[in-house]
Each structure stands twice: as structure tokens, then as C-alpha cells.
Amino acid sequence: MTVQEKGGFIAAFRQGFIQKEIKEMAAKRDLNIALRRENLLGTNQFPNFNEKITAEFDGSLFEPVDLTEEDADVETLKPYRGAQAFEALRYSTDIFSKTNKRPVVFMLTIGNLAMRKARSQFSCNFFAVAGFTVTDNNGFDTIEEGVAAAKAAGAEIVVLCSSDEEYAELAPKTAGLLKKEILVVAGDPACRHELEEKGVKNYISMKSNILKELQEYQKMLGI
């Protein structure tokens, strides 16, 4: 169905057709941004790790603009920016951190050199989008060494960065040594089902809906 078939723009708008089409397109773009198929530099991709907001803003800054008149007889369009949901995400962490410890995400890098480096870089960018403090590492010789370093760093989240082949052994071992810390596996390994059966529940990868998943990690951390 086209605007012309609806009787022109005004008729289509009165019928809600224009609004419906715009909402559907906006939802597709929102999903693409959340999946990072569309990048907003500094927002959902490559954030400034050191940028922090201390000022408090009116919540409307992160909401669509509603300029609807009281006597409007049609549904109105409400403009918003695609970055708003991510800005609200990071702002929540910044406000939380004014009176609480800022969450620390620790990269437990081990095993295959190329894979652990690539996955630690990916994971640092992933969690920094939410304003968490990220701690990268060159690599550890043993899981015990890495877990001890993570605990010493006061990490709330420990991201295991290695190769898919090594996760089968390393992930359950790491999970067994962590108590209150949240274990995250960087990647979507073929052995994921087996790992989940052993209690390893959290994964991040290129397939992740970064917005939804970071909101879930904030909830886990009480933000």
C-alpha cells in the first residue's frame, strides 16, 4: 500500500498510515543500532573510556520529544535520537557511581594469543559502552593466576578471553573459582550448550544485542 493509494499524504496521515510506516522504520534502525549493524561512533561503538558525566539531567533528555497539542485529532510524530537509549544506559552508570563503586570489568586473557587479544579488545569496547571501568591484560599463564588478579582488582565482572577450543576446559574451571563475580565468556563457542549445562550462562559476541545485554548486566549489578 502506498501513500497515493491511501488518498494522498494528508489522508494517509489521518489514517495513521504515515505514523505506522515511520515507527516500523525507526524500530528497524533501533535494532540495527542495538546489534551494532549501524555504528554511532563513541556511543554504541568505540566509546571514550575516560568520559564521565557528573551533572544530573532531566530524564526527558533521553526521551522522545512530544509536542502534541491538547486538541490534536491524529497521532503525532515524536522525534528522538537513535543514541538516546545508549546515552541513558551510560548516564545510569555515571549517576550510580557518584555514590557507589563504579563497576569493574576484568579481562581474564589466557591461551591462544591472537584470539585472547581480539576478544579482550572487543569486550573492553562492549562493556565501556555502559560506562563500566574495563581492565585489559596481556595474558595469564593459569586460570588461578587470572582469577586472583581479578579479585585483587575488585572486579564485579570477569570476562574470559580465549579460543573456542580452550573454553571447554577453561570456562568451567574459571566458574568454579569465582564466587560473587559474574563470569562472561567472550564469544559464542560451539561448546556453549555443554558450558551452559555446567553453569556458565553469560556470553557476548558480535551477535549480541548490546543495549539489551548491558541493561541486564546493570540490573545484575544493582544499577
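Please refer to the structure placed before this passage.
Residues numbered from 1 in each chain as written. Predicted model: local features only at pLDDT ≥ 70, side-chain atom pairs only at ≥ 80, totals over all residues. Heavy atoms only, no water.

1. Structural notes on the sheet that holds strand E4 (residues 182–186)
The five strands are arranged E2-E1-E3-E4-E5 in an open sheet whose pairing can be described as parallel. On the outer flanks of this sheet lie strand E2 (133–135) and strand E5 (202–204), each paired with one strand and no other. In this sheet, adjacent strand axes meet at a mean angle of 25° when their direction is disregarded. In the sheet, strand E3 (residues 157–161) pairs with E4 via four bridges, with the strands oriented parallel. (Pairing = 2+ DSSP bridges. Helix = DSSP H or I, 4+ residues; strand = E, 2+ residues; numbered from the N terminus. Axes fitted to C-alpha atoms, helices over the stretch in contact; angles between N-to-C directions.)

2. A few points about the environment of Glu166
Topologically, Glu166 is positioned in helix H6 (residues 164–177). Separated by 55 residues in sequence, Glu166 and Gly111 place their C-alpha atoms 7.3 Å apart. Apart from the residues within four sequence positions on either side, Glu166 is in contact with Ile110, Gly111 and Asn112. Of the polar contacts made by the side chain of Glu166, one reaches the backbone nitrogen of Asn112; its length is 3.0 Å. (Contact = heavy atoms within 4.5 Å. Polar contact = N/O pair within 3.5 Å; in protein donor to acceptor, adjacent residues only side chain to side chain.)

3. Let's talk about helix H3 (residues 84–96)
An ideal rise of 1.5 Å per residue puts 18 Å on 13 residues; H3 measures up with 18 Å between its terminal C-alpha atoms. Buried within H3 we find Gln84, Phe86, Leu89, Arg90, Tyr91, Thr93, Asp94 and Phe96. Tucked inside the fold, the buried residues of H3 contact helix H2 (17–34), helix H4 (113–128) and helix H8 (210–220). (Expected span 1.5 Å × (residues − 1). Buried < 20%, exposed > 50% of the residue type's maximum accessible area, 1.4 Å probe, protein only.)

4. Considering the side chain of Asn44
Considering the arrangement of structural elements, one finds Asn44 in the loop between H2 and H3. For Asn44, a relative accessible area of 0% gives the class buried. At 3.0 Å, the side chain of Asn44 and the backbone oxygen of Glu38 are in polar contact. At a separation of 2.6 Å, a polar atom in the side chain of Asn44 contacts the main-chain amide nitrogen of Leu40.

5. A few points about the pairing of strand E1 (residues 104–109)
Burial runs high along E1: six of the six residues are buried. By the alternation rule, side chains of E1 split into Val104, Phe106 and Leu108 and Val105, Met107 and Thr109, which are all buried. Alignment of E1 against E2, held across three bridges, turns out to be parallel. Note on E2: the bridge partner recorded for Phe106 is Thr135. Between E1 and its parallel partner E2, the chain crosses via H4, and the hand of that crossover is right-handed. Relative to E3, E1 runs parallel, the two sharing five bridges. The residue bridging Met107 from the neighbouring strand is Val159, located in E3. (Right-handed = clockwise from strand over helix to strand, strands pointing away.)

6. What about H4?
Given a rise of 1.5 Å per residue, 16 residues ought to cover 22 Å, and the 22 Å separating the end C-alpha atoms of H4 matches this to within 8%. Among the residues making up H4, those that are buried are Arg116, Arg119, Ser120, Phe122, Ser123, Cys124, Asn125, Phe126, Phe127 and Ala128. Between a side-chain oxygen at the N-terminus of H4 and the backbone nitrogen of Ala114 the separation is 3.2 Å; the capping residue is Asn112.

7. Some details on unusual backbone geometry
Backbone geometry at Arg36 places phi at a positive 60°, although glycine is not the residue there. You can see Arg36 is positioned in the loop between H2 and H3. Residue class for Arg36 comes out buried when judged on its relative accessible area of 14%. Positive phi, normally seen in glycine, also occurs at Phe46, with a value near 50°. As for its position among the elements, Phe46 is in the loop between H2 and H3.

8. Some remarks on the packing of aromatic side chains
In this structure the tally under the stated criterion is eight aromatic pairs. With a centroid separation of 5.8 Å and 50° between ring planes, the pair formed by Phe57 and Tyr91 is classed as tilted. Within this pair, whereas Phe57 is found in the loop between H2 and H3, its partner Tyr91 is found in helix H3, the two being separated by 34 residues in sequence. Look at Phe127 and Tyr217: their rings are 5.3 Å apart centre to centre, the planes differ by 65°, and that puts the pair in the edge-to-face class. Here Phe127, found in helix H4, pairs with Tyr217, found in helix H8; they are 90 residues apart in sequence, far enough to count as distant. Summarising the burial analysis for this pair, Phe127 and Tyr217 share the class buried. Joined through ring pairs, the aromatic side chains of Phe122, Phe126, Phe127, Phe132 and Tyr217 make up one cluster. (Phe/Tyr/Trp six-rings, centres within 6.5 Å; stacked < 30°, edge-to-face > 60°.)

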